[in-house]
Amino acid sequence: MSPAFGAMEVEHYGKGVLLEPFLHQVGGHSCVLRFNDKTICKPLIQREHLFYETLPAEIRKFTPQYKGVVSVSFEEDEDGNLCLIAYPLNGDQDNLENTEYSECTEPKSNLFRCSNKKTLLFENDNLSKERVRQHRKEEKIKVHKLEEEFEWANSEVLYYSVEKKGNVGSQFKHNPWSMKCHQQQLQRMKENAKHRNQYKFILLENLTCRHQVPCVLDLKMGTRQHGDDATEEKKANQILKCQQSTSAIIGVRVCGMQVYQTGTGQLMFMNKYHGRKLSVQGFKEALYQFFHNGKNLRRELIEPVIKKLTELKVVLETQESYRFYSSSLLIIYDGKEVDEVSMDSDPEDLEDLSEESSDESAGAYAYKPSKRKLAASTADVRMIDFAHTTCKFYGEDSIVHEGQDTGYIFGLQNLIAIIKEIRDENGE
């Protein structure tokens, strides 16, 4: 897909992709949407777009893969349902279909053709309009049920029980934070629909796609969160948030979390409001909880995470002028432990998983399994959210910083130290 940044040109509302809420968004305020199994998208912010197009190779392995830009329209189907539809940028239709859909396990499930009246019809003839309506009706029921169960407005830490029978991954519910961001995005676009109905979104790698039950920790990094272009009000607000949280003390705070606890069969969700309230000890306990499956500490994940964080720290110490204000760091692993891998699994697949550093370029590390395990566990560490990132190579920036991003590196140092403490205090 071409990453060209230009005007959207689609004749007669050509083929588009229905965007859905991304199940595993645990933090941030920007809406993240599912494009397909291996790709997500989010509203394009010029500074973040510039970062992905110019970032150094040594940092690229610590970020999601950038896949280009699409145009997104806010549309209404014949039943009055509100939809977000992605279209190729500058008529790049062939690459949109051939590249992106080839990655999908269900390649045509989200493919739509719009008529001049913007009535959405499935391109796949086997799926009727009635089935489309029924699907959306069921999704609405699910959302309302989740709202009632989770009580989003008043709960900062939530637990959701899943059946231990069958595939736990297939039962994984939307993180309530992802649904909240999705609803807010729809509302914003609805309010602006009369004045604007085409938005640019960037396409990024879905970091959770390789995991059956993704456990995700979103950490806000650095001692400073406001960008150089922040208003005085925004600056004061961000400074206060840092002072009232662990950001000012250790340079890192919890911005969101979801973790599967096999011991209780529950999914635990934590949002940013709870993360802001944590003391340093509370932050440490949250990290412990993230690596704990409800029965024991997932020790096999800790060393790969420490290794990756240490490598990131070394890379950032060599970067001149970059400042990653308000950026986050994701730690991701599979809550479905390798012990639970089906005995029917392909032996060759299991052998591949046991290779150390099986996907080093993507930031995923695998350690050779112990005798009791069928395959290796992997852990992924990535930087995300660069809307306020700055660098001397960004010619339009009036403020140019020199040297390292000491606030971010300070946060990494403390994060590594705390994870090591958890490891040492809970040794076998």
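Keep in mind it's a predicted model, so treat the numbers as computed, not measured.

(A) Fine view of the pairing of strand E3 (residues 33-36). Bridge analysis of strand E2 (residues 20-21) against E3 gives two bridges, and the strand direction is antiparallel. Among the inter-strand pairings, Pro-21 is bridged to a residue of E3, identified as Leu-33. Both E3 and strand E4 (residues 39-43) contribute to a ladder of three bridges, which runs antiparallel. The residue bridging Arg-34 from the neighbouring strand is Ile-40, located in E4. As consecutive antiparallel partners, E3 and E4 are separated by two residues.

(B) Representation of the pattern of salt bridges within the structure. According to the stated counting rule, one finds 18 salt bridges in the structure shown. Residue Arg-210 is joined to Glu-205 by a salt bridge in which the shortest nitrogen-to-oxygen separation is 3.6 Å.

(C) Geometry of the nonpolar core. Counting 66 residues, the largest nonpolar core has Leu-329 and Met-383 as its most contacted members. Apart from residues no more than four positions distant in its own chain, Leu-329 is found in contact with Leu-217, Asp-218, Leu-219, Met-221, Leu-309, Leu-312, Val-381, Arg-382, Met-383, Tyr-408, Leu-412 and Leu-415. Counting residues in hydrophobic clusters, the runner-up holds 16 residues, among them Phe-35, Val-72, Leu-186 and Phe-201.

(D) Main features of the confidence of the model for the protein. Within the protein, residue pLDDT values average 75, and 67% of them lie at 70 or more. Note that residues 1-14 has pLDDT below 50 and, in this model, 49 contacts with residues that lie over four places away or in other chains. Of the regions scoring below 50 in pLDDT, residues 141-153 engages in 20 contacts with residues more than four places distant in sequence or in other chains.

(E) Examining the packing of aromatic side chains more closely. In this structure the tally under the stated criterion is twelve aromatic pairs. Aromatic rings pair up to connect Phe-51, Tyr-52, Tyr-66, Tyr-322, Phe-324, Phe-386 and Tyr-408 into one cluster. The aromatic ring of Tyr-325 is capped on one face by Arg-224, whose charged end is 3.9 Å from the ring centroid.

(F) Expanded view of the packing of helix H9 (residues 280-290) against helix H12 (residues 406-425). Two elements in contact, H9 and H12, have axes separated by 10 Å at closest approach and are oriented at 65 degrees. Crossing handedness for the pair H9 and H12: right-handed. Touching Phe-283, Lys-284, Leu-287 and Tyr-288 of H9 are Leu-415, Ile-418, Ile-419, Glu-421, Ile-422 and Glu-425, all from H12.

(G) The arrangement of the pairing of strand E12 (residues 252-261) in detail. Of all ten residues in E12, ten are buried; the element is thus mostly enclosed. Taken together, the six bridges between strand E11 (residues 214-221) and E12 define a ladder with antiparallel strand orientation. Following the sheet pairing, Asp-218 is matched in E12 by Gly-256. In the sheet, E12 pairs with strand E13 (residues 266-270) via five bridges, with the strands oriented antiparallel. Residue pairing across strands places Tyr-260 opposite Leu-267, the latter belonging to E13. In sequence, E12 turns back onto E13 through a hairpin of four residues, with Gly-265 there showing a positive phi of about 70 degrees.

Calculation criteria
- Residues numbered from 1 in each chain as written.
- Predicted model: local features only at pLDDT ≥ 70, side-chain atom pairs only at ≥ 80, totals over all residues.
- Heavy atoms only, no water.
- Pairing = 2+ DSSP bridges.
- Helix = DSSP H or I, 4+ residues; strand = E, 2+ residues; numbered from the N terminus.
- Salt bridge = Lys/Arg side-chain N within 4 Å of Asp/Glu carboxyl O.
- Core = buried A, V, L, I, M, F, W, Y, C linked by side-chain atoms within 4.5 Å.
- Buried < 20%, exposed > 50% of the residue type's maximum accessible area, 1.4 Å probe, protein only.
- Contact = heavy atoms within 4.5 Å.
- pLDDT = per-residue confidence, 0-100.
- Phe/Tyr/Trp six-rings, centres within 6.5 Å; stacked < 30°, edge-to-face > 60°.
- Lys NZ or Arg CZ within 6 Å of the ring centre and 35° of its normal.
- Axes fitted to C-alpha atoms, helices over the stretch in contact; angles between N-to-C directions.
- Left-handed = near helix turned anticlockwise from the far one by under 90°.

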